[in-house]
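Secondary and tertiary structure notes
Here's the letter readout for the chains.
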Amino acid sequence: MVCGQGGKDAFITEGFNNWILHKQTELEQSNYEIRLRATIRSCRFLLKNALPFRGHDETENSTNKGLFIEVLYLIREDNEKIFNVTLENAPKNEKLTSLTIQKDIVNCFSKEIIKSICDETGKDVFGILVDESSDVSKKEQMAIVLRYVDRLGIVKERFIRVVHVLDTSSLSLKSAIDIVFSNNNLTIDQVKGQGYDGASNMSCAFNGLKYLILNENSSAHYIHCFSHQLQLVVVAVAKKHDDVEEFFGRGLNQEISLVRVRDTRWGSHFRTIVSLLNLFAEVVTVRKYVKEEGSTLSNRNQAKGILSYFKTLDFVFLLHLMLEILCLTDTLSKHLQKKDQDILEAASLVKGTKKALLVFRKDGFPQIWKKVCAFCEKHSIRIVDMSEYYVTPRKRRTNKTNQHHFEVVIFNTILDMQIQEFGERFSEVGTELMENMAALSPCDSFSGFDKAKLLKLSEIYKKDFDDSERAQLNGQLDIYYHSLLHDERFFNLKGIADLSRLLVETGKHLSFPLVYRLLKLTLVLPVATATVERCFSAMKFLKTDLRNRIVDDFMNDALICSVEKEALENVKTENVINRFCKMKERRGEL
């Protein structure tokens, strides 16, 4: 049937209108995408730098709209295309600047980062590091970090969640971990190492978090944070030795802008003592001024007491003794703050530090006394005759000589306490697990290689090797050893972390898969909780006194992005857009 002229015109008009509507829809979608990309760019910048999003007043005439809006203004300043479709030029219901939109985009970034971490982990083994701390609003937060070996053989520690817990009982912590694992397709069976501090809710042998996880997975070996143990060594000595207690409590107190022994870590004590030695004359001058001109009687009396203690030989001797002890432990302390440390290297440094303390205990007194005498001469502090009877700082005469007091009562006793505490605190270093793992070390041309120990190690991880695989491992170890021993690419390796990376780089992890499995089980054992503590440090920048009402989910998402900056950089904008569009129906869609 042939249409009449009127019908034909109507058909053309309708088609033209449809084409116009289609083009309008395409334009709206294009403008929507431009706005969304600008919003995502603004969010990415603020997340990376841990900056606040909101302003006090975000109305059009406000001068304090907040960083999110201000960054948007900067983004569009020299881009006409963005300028024409954002903020005041956008449809009122599609500005994409609301708090809800911001939270959704931050959540998208966070989920993309977690997805990348879980994709790297896959179904492979990992260690778990956990610590809890209260935030600025006094809410208990638990941070969870995974330690694993990626596809390139590189050890990584990645933050995946901070969880608000109603209490810090082990059952509450374990329940929170189970939920996080379930949400990210991880299982307790994958956990092959646990790293916490020594709090009873974490490490108690009967009902701590350590026990609850070991009850489900006997291969999830617990390592008490080495850094925390190192701190406890000096704290224990301070509690047990009166002179050390007085030294840290009275000599290095906060009144002179220094810190007490219990308030911070070992490395800070070291820096404090170095500063006091370098600025001793200046500190004494300030104390003299406060003693004479202090605003209150209490301040003047306190300055007088501290000044009199500073000018005693006992204080100077302890100042130099603690400096030497902390010098000997500084390498270990710094190593435990690294992200890429492995447990064998840490254990080796613990043993080396203990040996150094033993040597110092045997031969160190003469050199200490020489330095003390030189310091006293420089600062006009009286030096005693070592054969005379010792007189206390409070002018009480004793029946022991000065030689006996300084060498036996102080020097020998303090070092004996330090060495004993080292042995007790770092008991893991001498365990069968650690001794067997040491046979994996590639140092000194694989001099520590011991097939018998590595086979015993495989027996400790019963769920990770069946009988057939242990039989294969027996033969594989011989070929592995002789193959790598004469391969110049494996000369001069510094530790098992280097070995893992090079095995993957050369493809030998495929030739010796069971040996590589043993290696990964060793590498995922956590050494220190420094990574978790860095997460809490980052949280203090996000949740401050002025931002103490930030909700838990938004804080968690923002914290993940702030801590995992490298992963944030690698998140593709297209992935954020796709995830954002799938979250819910919105007025404007792509």
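Being a predicted model, the structure only gives us computed values, none of them experimental.

**Points about the overall build of the protein chain**
Helices and strands together make up the secondary structure of the protein chain, namely 27 helices and seven strands. Taking 2.2 N^0.38 as the reference for a compact globule, 590 residues should give roughly 25 Å; the C-alpha atoms of the protein chain span a radius of gyration of 32 Å, well beyond that estimate. Each of the three principal axes of the protein chain carries a C-alpha extent, and together these read 130 × 75 × 45 Å. The buried share of the protein chain, taken over its 590 residues, is 50%. When the accessible surface of the protein chain is summed, it comes to about 29300 Å², and 51% of that surface belongs to carbon and sulfur atoms. Where the 82 positive side-chain charges of the protein chain centre and where its 79 negative ones centre are 3 Å apart.

**Here's the deal with the nonpolar core**
Nonpolar side chains tend to gather and get buried jointly when the protein is soluble and globular. Among the nonpolar cores identified, the biggest contains 103 residues, and Phe226, Phe247, Phe317, Phe406, Tyr480 and Leu499 are the most heavily contacted of them. Broken down by element, the residue count for this core peaks at 12 residues, all from helix α13 (residues 313-335). Core analysis: the second largest hydrophobic core is formed by 75 residues, Ile34, Val85, Cys561 and Phe580 among them.

**A few points about unusual backbone geometry**
For Lys138, which is not glycine, the phi dihedral falls at a positive 70°. Despite not being glycine, Ser380 shows a phi value in the positive range, around 60°. In this fold, Ser380 is placed in the loop between α15 (365-378) and β6 (389-391). Given the relative accessible area of 63%, Ser380 is considered exposed.

**A short note on the pattern of salt bridges**
Per the counting criterion, the structure on display carries 31 salt bridges. The closest approach of N and O atoms between Arg161 and Asp553, which form a salt bridge, is 3.7 Å. Of this pair, Arg161 sits in strand β3 (residues 155-164) while Asp553 sits in helix α25 (residues 552-563); the two residues are 392 residues apart in sequence, bridging distant segments of the chain. The class of Arg161 is partly exposed, set by a relative accessible area of 27%. Among the charged side chains, a network of salt bridges with common partners joins Glu120, Asp150, Lys156, Arg158 and Glu564.

**A few points about helix α27 (residues 573-583)**
The set of residues buried in α27 consists of Thr573, Val576, Ile577 and Phe580. Each buried residue of α27 sits inside an arc of 100° when the element is viewed along its axis, so together they form one side.

**Examining the side chain of Asn184**
Along the chain, the position of Asn184 falls in the loop between α5 (170-183) and β4 (191-196). Judged by its relative accessible area of 19%, Asn184 falls in the buried class. Engagement of the side chain of Asn184 in a polar contact is seen with the backbone oxygen of Val180, the distance being 2.8 Å. If we ignore the near neighbours within four places in the chain, the residues touching Asn184 are Ile114 and Cys118.

**Some thoughts on the pairing of strand β1 (residues 126-134)**
Within β1, seven of the nine residues are buried, which leaves it mostly tucked inside the rest of the structure. Bridging between β1 and β4 involves four bridges; their strand directions are parallel. The partner of Phe126 across the bridge, within β4, is Val191. Judged from the eight bridges that link them, β1 and strand β2 (residues 140-149) form a sheet pairing that is antiparallel. Bridge pairing in β2 links Val130 to Ile144.

Parameters at a glance
- Residues numbered from 1 in each chain as written.
- Predicted model: local features only at pLDDT ≥ 70, side-chain atom pairs only at ≥ 80, totals over all residues.
- Heavy atoms only, no water.
- Helix = DSSP H or I, 4+ residues; strand = E, 2+ residues; numbered from the N terminus.
- Rg over C-alpha atoms; globule rule 2.2 N^0.38 Å.
- Buried < 20%, exposed > 50% of the residue type's maximum accessible area, 1.4 Å probe, protein only.
- Areas by Shrake-Rupley, 256 points an atom, 1.4 Å probe, with all protein chains shown as cover.
- Lys, Arg positive; Asp, Glu negative; His and termini not counted.
- Charge placed at Lys NZ, Arg CZ, Asp CG, Glu CD.
- Core = buried A, V, L, I, M, F, W, Y, C linked by side-chain atoms within 4.5 Å.
- Salt bridge = Lys/Arg side-chain N within 4 Å of Asp/Glu carboxyl O.
- Arc of directions from axis to C-beta.
- Polar contact = N/O pair within 3.5 Å; in protein donor to acceptor, adjacent residues only side chain to side chain.
- Contact = heavy atoms within 4.5 Å.
- Pairing = 2+ DSSP bridges.

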